[in-house]
Amino acid sequence: MKIDGRLACLAVVLCAAQASAAALDEVGVELVYDDNLTRAQLGRDIKGDLSLSLSTSGGPRFQLTDHDSLSLKGTLAGTKYRHYDGLDNINAGLALGYRHRFGLGPYVPQFALTGSAARLEYDNRLRDGWLYAAEAEASKRVSDRLALRAFVRTERRESDDVPARVVPFIRANVFDLSSRSAGIGADFAYAPRYLVSVGYAWHRGDIVSTTQRNLPIFLASSAIAPDPVFGDNTYAYTMPARTQVFSIGLSREVGRQGSVSLGYEYRDSRADGGIEYSGNLFRATYLYGF
């Protein structure tokens, strides 16, 4: 598989980076189980899998004034799936961020703007492409234990290759996607080393569902293409949908620079024609900051 060698190289890069960590902000390892990778509605089409990710990020930060700062951050991550090799991927990105603090001290409101671009390389070429995003976030620490945040975000994904059309009058670039989202969240430090996070996000835009031939999904789709990642005679369908995401997490400091966290997400998506699906995602993460 084309990604396997790159994932091994990434592991070597991360080890070397940890040895010379001056340019890095953090490295991380994450284990994720997603019980509905296919974003499918029918039991016959629902596929779950376990994945392991390695990541690192870092870059310079510039203090423009007492209240304003600018940052440039690079990211590199690789993910390996247990069963569905076609989803194995490496991505590299660059983000430019601006942050304004409305005063001095730990309890003043903050406002941040971020623009990013990431290159996506999958073992399955149908998913290769670019992801562009812009986000605005407002946050405020209410007390020494409680912080609140809210955001709006827009994303655009562009795929490299367009397969032959399954249906002459329906496009096949299923991973050319766009979406908008908004969300709120809170972090509560209930003990010196423990942090509880909760969040809610609302998304409106394109989703991709992979199923066997399915007439209701076919009628609601704006793009269709064969998707052999999940087996023979399966197809990826693009359709507009409304998605809600509920999340909760618990993290604990480990030593001076590390943290371990457990998280859960519940997704609920609804598209035209009575199409809907839900999914659960469980994650365990270790982060080491420099």
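What counts, and where the lines are drawn
Residues numbered from 1 in each chain as written. Predicted model: local features only at pLDDT ≥ 70, side-chain atom pairs only at ≥ 80, totals over all residues. Heavy atoms only, no water. Helix = DSSP H or I, 4+ residues; strand = E, 2+ residues; numbered from the N terminus. Rg over C-alpha atoms; globule rule 2.2 N^0.38 Å. Contact = heavy atoms within 4.5 Å. Areas by Shrake-Rupley, 256 points an atom, 1.4 Å probe, with all protein chains shown as cover. Lys, Arg positive; Asp, Glu negative; His and termini not counted. Charge placed at Lys NZ, Arg CZ, Asp CG, Glu CD. Core = buried A, V, L, I, M, F, W, Y, C linked by side-chain atoms within 4.5 Å. Buried < 20%, exposed > 50% of the residue type's maximum accessible area, 1.4 Å probe, protein only. Phe/Tyr/Trp six-rings, centres within 6.5 Å; stacked < 30°, edge-to-face > 60°. Salt bridge = Lys/Arg side-chain N within 4 Å of Asp/Glu carboxyl O.

Q: Tell me about the overall build of the protein, residues and numbers included.
A: Along its length, the protein carries two helices and 14 strands. A compact globule built from 290 residues should have a C-alpha radius of gyration of about 19 Å, and the protein, at 20 Å, falls within 12% of that. Referenced to the eigenvectors of the C-alpha coordinate spread, the extents of the protein come out at roughly 60 × 40 × 35 Å. Taking contacts inside the protein between residues at least 6 apart in sequence as the whole, the part at least 24 apart equals 58%. Summed over its atoms, the accessible surface of the protein is roughly 15400 Å², and 59% of this surface lies on carbon and sulfur atoms. Counting 33 positive and 32 negative side-chain charges, the protein places the averaged centre of each group 3 Å from the other.

Q: Quick one: what's the story with the nonpolar core, residue by residue and with numbers?
A: Ile 207, Ile 217, Ile 224, Tyr 237, Met 239, Ala 271 and Ile 275 are the most contacted members of the largest nonpolar core, which totals 13 residues. Contributions of two or more residues to this core are made by helix H2 (215-220), strand S12 (235-254) and strand S14 (275-289). With four residues, S12 is the single largest residue contributor to this core. Once you skip the residues sitting within four places of it in the chain, Ile 207 turns out to touch Tyr 237, Thr 238, Met 239, Ala 241, Thr 243, Ser 269 and Tyr 277. Core analysis: the second largest hydrophobic core is formed by eight residues, Val 174, Leu 177, Ala 225 and Ala 236 among them.

Q: Can you explain the packing of aromatic side chains? Please cite residues and give values.
A: A full pass over the atoms with the stated rule returns six aromatic pairs. Look at Tyr 84 and Phe 230: their rings are 4.9 Å apart centre to centre, the planes differ by 55 degrees, and that puts the pair in the tilted class. Of the two residues, Tyr 84 sits in the loop between strand S4 (68-81) and strand S5 (89-101) while Phe 230 sits in the loop between strand S11 (223-226) and S12, which places them 146 residues apart along the sequence. Accessibility assignment for this pair places Tyr 84 and Phe 230 in one class, buried. Ring geometry for Trp 130 against Tyr 132: centres 6.4 Å apart, planes inclined by 10 degrees, an arrangement best described as stacked. The class for Trp 130 is partly exposed, based on a relative accessible area of 36%.

Q: I'd like to hear about the environment of Leu 215, residue by residue, with values.
A: Within the fold, Leu 215 resides in helix H2. Linking Leu 215 and Leu 31, residues 184 residues apart in sequence, is a C-alpha distance of 35 Å.

Q: Tell me about the pattern of salt bridges, and name the residues and values.
A: Under the counting rule described, the total for this entry stands at 17 salt bridges. Among the ionic pairs, Lys 73 bridges to Asp 25, the shortest N-O distance being 3.8 Å. On the criterion of sequence distance, the pair formed by Lys 73 in strand S4 and Asp 25 in the loop between helix H1 (2-19) and strand S1 (26-34) is long-range, its members being 48 residues apart. With relative accessibility at 30%, the residue Asp 25 sits in the partly exposed group. The closest approach of N and O atoms between Asp 187 and Arg 149, which form a salt bridge, is 3.1 Å. Taken together, the residues span a long stretch of sequence, with Asp 187 in strand S9 (residues 177-191) and Arg 149 in strand S8 (residues 146-159) at a distance of 38 residues. On the basis of relative accessibility, which here comes to 21%, the residue Asp 187 falls in the partly exposed class. Relative accessible area serves as the criterion here: at 28%, Arg 149 is assigned to the partly exposed category.

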